[in-house]
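So you can see what is in the structure, the chains are spelled out below.
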Amino acid sequence: ESSSGDSAFHTGTKALAGLRILLITKDVGVRGEVERACQALGLRTDTVTDSEKAARYTEREQPHMIIVDERLRDDVFDDLMQDIRRLDPNFGFLEVTDSANTFEVSSWMSDSITRVSRNALRQQLPSVLTLELAKAF
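Read on for an overview of the structure. Computed from a predicted model, the values in this text were never measured in an experiment.

## Things to note about the overall build of the protein
Consideration 1: Helix and strand counts for the protein come out as five helices and six strands.
Consideration 2: When the elements of the protein are put in sequence order from the N terminus, they spell out α-β-α-β-α-β-α-β-β-β-α.
Consideration 3: The proportion of buried residues among the 137 residues of the protein is 43%.
Consideration 4: Put simply, 63% of the contacts in the protein that link residues at least 6 apart link residues at least 24 apart.
Consideration 5: Carbon and sulfur atoms make up 51% of the accessible area of the protein, which totals about 7400 Å².

Set out below in structure tokens:
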């Protein structure tokens, strides 16, 4: 039983290859961790340095998931998130927080956002990315 679940998980990660992740951060460390995790999963990352640029990016090309640095989350981002969720309620959002050891998974039926602390990115990001993208597809 568990082996079939395991192979399904691996199949699932292959299915994620080529999906686009938009990262909103100015933090080189966060960018490095996100790019490392995405590369391992075969995901493409694009990075912008603020919510305005993210909004412009999504007008040109819809990413499959958006990761935002808590320090850059603002009203522009919240409006963007609401607009995207209106069209796609399962769209994956992830917030990188400053608070230590945070790991909150968004619930399926709410406006909540999955949150991971900066210091736990390396351990948790690959599984969080897989989980959030699996919800959307």
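So much for the structure itself; the text now carries on.
## A closer look at the pattern of salt bridges
Consideration 1: Applying the stated rule across the entire model yields 16 salt bridges.
Consideration 2: Here Asp83 makes a salt bridge to Arg86, at a shortest N to O gap of 3.1 Å. Of the two residues, Asp83 and Arg86 are both situated in helix H4 (residues 75-87); the distance of three residues between them amounts to about one turn of the helix.
Consideration 3: Using a relative accessible area of 62% as the deciding quantity, one classes Arg86 as exposed.
Consideration 4: With a closest N to O distance of 2.9 Å, Arg115 and Glu95 form a salt bridge. Note that Arg115 is positioned in strand S6 (residues 114-117) and Glu95 in strand S4 (residues 92-97), a separation of 20 residues in sequence.
Consideration 5: What emerges from the salt-bridge pattern is a single network uniting Asp27, Asp69, Arg71, Asp98 and Arg118.

Cut-offs and rules
- Residues numbered from 1 in each chain as written.
- Predicted model: local features only at pLDDT ≥ 70, side-chain atom pairs only at ≥ 80, totals over all residues.
- Heavy atoms only, no water.
- Helix = DSSP H or I, 4+ residues; strand = E, 2+ residues; numbered from the N terminus.
- Buried < 20%, exposed > 50% of the residue type's maximum accessible area, 1.4 Å probe, protein only.
- Contact = heavy atoms within 4.5 Å.
- Areas by Shrake-Rupley, 256 points an atom, 1.4 Å probe, with all protein chains shown as cover.
- Salt bridge = Lys/Arg side-chain N within 4 Å of Asp/Glu carboxyl O.

These figures come from the coordinates and say nothing about function on their own.
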